[in-house]
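Notes for the structure review
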Amino acid sequence: MEDEIHVISMLVRNRSGVLSRVAGVFGRLGYNIESLCVAEMTNPKISRITLVSRANADFTEKIKKQLDRLVDVVEVTELTQRHSIQKEMMLLGIYMNSENREEIMQAIAMFGCKIVSIRQNYCIIENVGNRGETETILAYFEPMGIEELARTGMIALQQHKNGNDDEQ
Amino acid sequence: MKLTGAQILIKTLKAEGVDTIFGYPGGSVLDIYDELYRSDINHILVRHEQGAAHAADGYARTSGKVGVCLVTSGPGATNTVTGIATAYADSIPMVILTGQVPTPFIGSDAFQEADIMGITRPCTKHNFLVRKIEDLSKTIREAFSIARSGRPGPVLVDLPKDVIQAQLEEDKTIAAKPKSEDGGKSPDREALKQALEMIVKSKKPVILTGGGIILGNASEDLQKFVKKVKVPVASTLMGIGGFPGTDPLWLGMTGMHGTYYANMAISNCDLLITLGTRFSDRITGKIANFASKANLIQIDIDAASINKNVLVDIPIESDCKTALVHLNKLLDENGFAIPGEEREKWIDQLGQWKAHAPLSYCNSEKIKPQCVIETLYNLTEGEAIITTEVGQNQMWAAQFYHFDHPNTFLSPGGLGTMGYGLPAAIGAQIAFPEKTVVDIAGDGSIQMNIQELATAVNYKLPVKIVILYNGYLGMLRKWQELFYGKRYSHSYIRNSPDFVKLAEAYGALGLRATRPEEIEPTLKKGLESPLPAVMDFHVEPEENVFPMVKPGTPLVETIINSEELR
């Protein structure tokens, strides 16, 4: 079976050791975590963890049940692309020179990225977008020589909170 | 008035109804022990912290209460890990209180510091580090609640010394029980109805029970149910005692060393109803062939255990008791008719399989271990609490002692821990001082926690230890015989101590039997003694456990005896 991308979003108690427990579940079951984003909610006792993993279809049921067993996990949902907004931020460092300058500027305009820093010839480009956009931009800049790259990993929210997500 | 952390701890334990703690003192918990000195909580001083954990486990398995153990930081804490992992594998409710170095020293590699939180994260249901005295009472309450609710399990609470020594105003101290403690989800009514229809229509049904039947206190409801629907019952090792071993509908244990007829029943049934089991590899044999002709109904309290190893047709998330109570009620309300003739045929067929290959052994001039257990069964009239280690002693105990009651067979089923039996027997004896408690051990396993004999003598606990002495790590030797060309690599254990002298050295009674006719008098003498008694039976060294399902083969290929292997 083809492995596919799964986005797991969970609310957890905001205390020490929780991330280790969550990561432990993925490790025990042999799933790799591709990206991970954790931040406090308006209620500081609660954090949201958004986590992306690549796995086969029975992943969701297995992992959800195991995560639900953790005392510190309040809620677990899988977010599908169809029914959620998924974004990640990327910072991309690249050297600009007379050869690639024009191409870079065009790409920035075309993709709607932002230049957030230029020091001497080194510029940092920021992009916020979904996974597909991010990948496309990366593939486009790759031949121009990406010097350094940082990605936040995905954050995501379900589009209508109480709506039925027919893919789940 | 102010209370110290130690005082708050003891008060909360008392409020929680704790009357017995198994433990071992050390530097980080001196303040707690000082408080225990003034308390009426019964503290059982073991001789090794692993013993404390197993004893608390044995106490929990027999009494149904949460077992509690208390140890110091560092090595005290790490020594409990095997006991914790054993309880975790078998879902036993326990609270482990570990001392910890003062909070400012945590992470500094201080003397007797160990990251017990990190070490036990994968083998506890949950664990807590208490950083402030304000959280202490609440955390203890929560730990007990987590340990006993849902699918039970061990919970560890790490207690830094400065928190234990700190002080707090009394009126802020003792927390109430957490409100959220749930009595289990109520099961899906439609699924139950559907299940019942299947059960009633089925021509060849079998019930398979696991540890959940005992943990869920559902034995009586199961018996009522079975009476109504007339379905034979097989069990995993962990479910033994959940259904009377003397009932005509009892098929015995299934799986790797299960009875031939239980394994045939599961392989040929058209409906399998499982109650509180996770389908471990020791039960299913080759998984593709497991109950392959049957529809499956799985009732389990733990959603994560449903559809985990085997895909089922009707999953029901519920504790066993609630599900059975509902099923019994539905049966009473609707008056289903069981297909009598078809069922008779099925039960007849099971009888034939049973007649073809009953559990048996051949007597010889040497003592047969099975005979020791059978005689023990007869002498105790099946009313003893039996603990085991792991290996042959465990399998023979499960096969030849016919357990009629839940909470009387204590065996480290999931983790398979050598050294479990004696300390667990101590815990059981503390819970039931009037009962006969017997550890069935091997000469290998008994040496893994033999030091607890001192505990038994110390507290005048008349636990009985039956050693099936064969000079081998018998189960391993058998595998080496069958699958490793009889190369007995390090499974032959020479120079075991003289167990009779050893028992006497500890102040216990030591007895030995080397001939079959000595079995009964030896057991009688040992059982009648008011002392802890070690009974050393020198058994046929190369006796093997049968029936057997080779790993990776289906249950239907159960090997009945050694003849079949030649």
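Residues numbered from 1 in each chain as written. Chains lettered and ligands numbered in written order. Predicted model: local features only at pLDDT ≥ 70, side-chain atom pairs only at ≥ 80, totals over all residues.

**Let's talk about the packing of helix α11 (residues 219-229) of chain B against helix α14 (residues 320-334) of chain B**
Residue and element names in this part refer to chain B. The following threshold applies: To obtain an axis, a line is fitted to C-alpha atoms, over the contacting stretch when the element is a helix, and the angle between two such axes runs from 0 to 180 degrees between their N-to-C directions. Strands here mean DSSP runs of E at least two residues long; helices mean DSSP runs of H or I at least four residues long; both are numbered from the N terminus. In this scheme, a crossing is called left-handed if the near helix is turned counterclockwise away from the far one by less than a right angle; it is called right-handed if the turn is clockwise. C-beta atoms are first placed from the backbone for all residues, and any pair lying within 7 Å is then listed as a contact. When residues are sorted by character, Ala, Val, Leu, Ile, Met, Phe, Trp, Tyr, Cys and Pro go into the nonpolar class, Asp, Glu, Lys and Arg into the charged class, and all the rest, Gly among them, into the polar class.
At a minimum axis distance of 9 Å, the contact between α11 and α14 shows a crossing angle of 35°. In this structure, the crossing between α11 and α14 has a hand that is left-handed. Note on element contacts: α14 touches α11 through K321, L324, V325, L327, N328 and L331, opposite D221, L222, K224, F225 and K228. Class assignment for the residues of the contact of α11 with α14 results in 6 nonpolar, 1 polar and 4 charged.

**Details of the sheet that holds strand β7 (residues 154-160) of chain B**
Residues and elements named next belong to chain B. Threshold: Note on pairing: DSSP must find at least two bridges between two strands before they are called paired.
The parallel open sheet is built from 6 strands, whose spatial order is β3-β2-β4-β5-β7-β6. The open sheet has two edge strands, β3 (42-45) and β6 (126-129), and neither has a second partner. Neighbouring strand axes in the sheet, compared pairwise and without regard to direction, differ in orientation by 20° on average. Here strand β5 (residues 94-100) runs beside β7; their pairing, made up of 7 bridges, is parallel. Looking at β7, one finds that M94 is bridged to P154. Strand contacts of helix α5 (residues 81-89): β5 and β7, with the helix running at about 145° to β7, the strand carrying the most contacts.

**Side note on the packing of helix α9 (residues 189-201) of chain B against α14(B)**
Residues and elements named next belong to chain B. Relative to each other, α9 and α14 sit at 65°, their axes nearing to 10 Å. In this structure, α9 crosses over α14, and the sense of that crossing is right-handed. Across the interface between the two elements, L192, K193 and L196 from α9 touch A323, H326, L327, L330 and L331 from α14. Looking at the contact of α9 with α14, its residues break down into 6 nonpolar, 1 polar and 1 charged.

**Notes on unusual backbone geometry**
As a reminder, the rule being used: Once C-beta atoms are placed from the backbone, each residue is buried if 20 or more other C-beta atoms lie within 10 Å of its own, exposed if 12 or fewer, and partly exposed for counts between those two.
In this structure, the amide linkage connecting B:F546 to the following residue, B:P547, adopts the cis form with an omega of -5°. If you trace the backbone, B:P547 turns up in the segment after β20 (533-538). Phi angles above zero are rare outside glycine, and A:Q120 is one such case at about 50°. With respect to the helices and strands, the residue A:Q120 is situated in the loop between β6 (114-119) and β7 (122-129). For A:Q120, a count of 7 C-beta atoms within 10 Å puts it in the exposed group. For B:Q112, which is not glycine, the phi torsion reads 55° and is therefore positive. One can find B:Q112 in the loop between β5 and α6 (116-120).

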